[in-house]
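The lines below spell out each chain.
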Amino acid sequence: IGLRWRTTDRRIAPRNGQELDVRAGFGERNANDSSQTQYRVELDFNNYWQFADLLVLRNRFQYGRFDGDLSTSELGPSYYNELFRYGGIQNLRGFDEQSLFVSEYLIGTIELRLLTGMSGYFLAFTEFGFLQSGTLIDFELPTTGSVWSFGAGAAFQTPAGLLNLTYALGRLNEGSFQFDRAK
């Protein structure tokens with residue numbers, strides 16, 4: 001089940017307004033002669049605010065949770081293929097595309113855009129949050145902890161659509177930023 005709500009002034013490269021995308025699902029897992037009810041919920045909220053002629057501030061909040069056990073508030077056991085795949089230009093810049101496998105995530109984004117035309121802009125951003133891989137069945141992933149990334153880029157209108165070029169650095173937990181792994 002999903003809900004999408006949009007009050008932005010433009011569909012591509014909005015300057016003012018909000019976007020909300022909520023998805024939820026329930027299901028039954030039948031594996032190893034056992035049955036378990038599962039749920040998955042995702043929320044993605046964007047706010048755009050043009051506070052000067054050429055400046056737009058974008059704030060984004062993302063939350064998601066997949067749980068294989070409804071009987072407790074703790075994350076239940078999950079299989080590797082049931083997890084969210086996070087990272088990349090769409091949801092966590094500075095990390096390899098879909099390189100982080102998590103059961104729960106909470107990510108905030110602050111992005112400043114300098115407008116160059118109707119759809120083009122330069123941008124600077126930071127993203128921060130928390131990831132949790134939960135308990136995995138027959139697998140162990142070290143993706144629980146805090147994330148932080150920052151970067152800059154530009155978006156240009158082309159005949160094929162909006163071309164977005166971004167340079168970003170990311171780190172997981174207290175690790176260091178590695179310039180040779182920039183995305």
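Refer to the structure above for everything that follows.
What counts as what
Residues numbered from 1 in each chain as written. Predicted model: local features only at pLDDT ≥ 70, side-chain atom pairs only at ≥ 80, totals over all residues. Heavy atoms only, no water. Core = buried A, V, L, I, M, F, W, Y, C linked by side-chain atoms within 4.5 Å. Buried < 20%, exposed > 50% of the residue type's maximum accessible area, 1.4 Å probe, protein only. Helix = DSSP H or I, 4+ residues; strand = E, 2+ residues; numbered from the N terminus. Pairing = 2+ DSSP bridges. Axes fitted to C-alpha atoms, helices over the stretch in contact; angles between N-to-C directions.

> Sorry if this is basic, but what is going on with the nonpolar core here?
One recurring pattern in soluble globular proteins is that nonpolar side chains are buried together. One finds Phe-66, Phe-84, Tyr-86, Leu-92, Phe-95, Leu-100, Val-102, Tyr-105, Ile-107, Leu-131 and Val-147 forming the largest nonpolar core, which totals 11 residues. Every element with two or more residues in this core is listed here: strand S6 (84-86), strand S7 (100-102) and strand S8 (104-115). Core analysis: the second largest hydrophobic core is formed by 9 residues, Ala-13, Tyr-48, Ala-155 and Ala-168 among them.

> Explanation requested: the sheet that holds strand S9 (residues 121-132) in the structure shown.
Paired through their backbone hydrogen bonds, the strands of a sheet run either parallel or antiparallel. With antiparallel pairing, the 8 strands of this open sheet are ordered in space as S1-S2-S3-S4-S8-S9-S11-S12. Two strands close off the open sheet at either side, each with one partner strand: strand S1 (2-6) and strand S12 (161-172). Averaged over all adjacent pairs, the angle separating strand axes in this sheet is 15 degrees, with direction ignored. Sheet topology places S1 next to strand S2 (residues 17-31); 5 bridges connect them, and they run antiparallel. For Leu-3, the partnering residue across the bridge sits in S2 and is Val-22.

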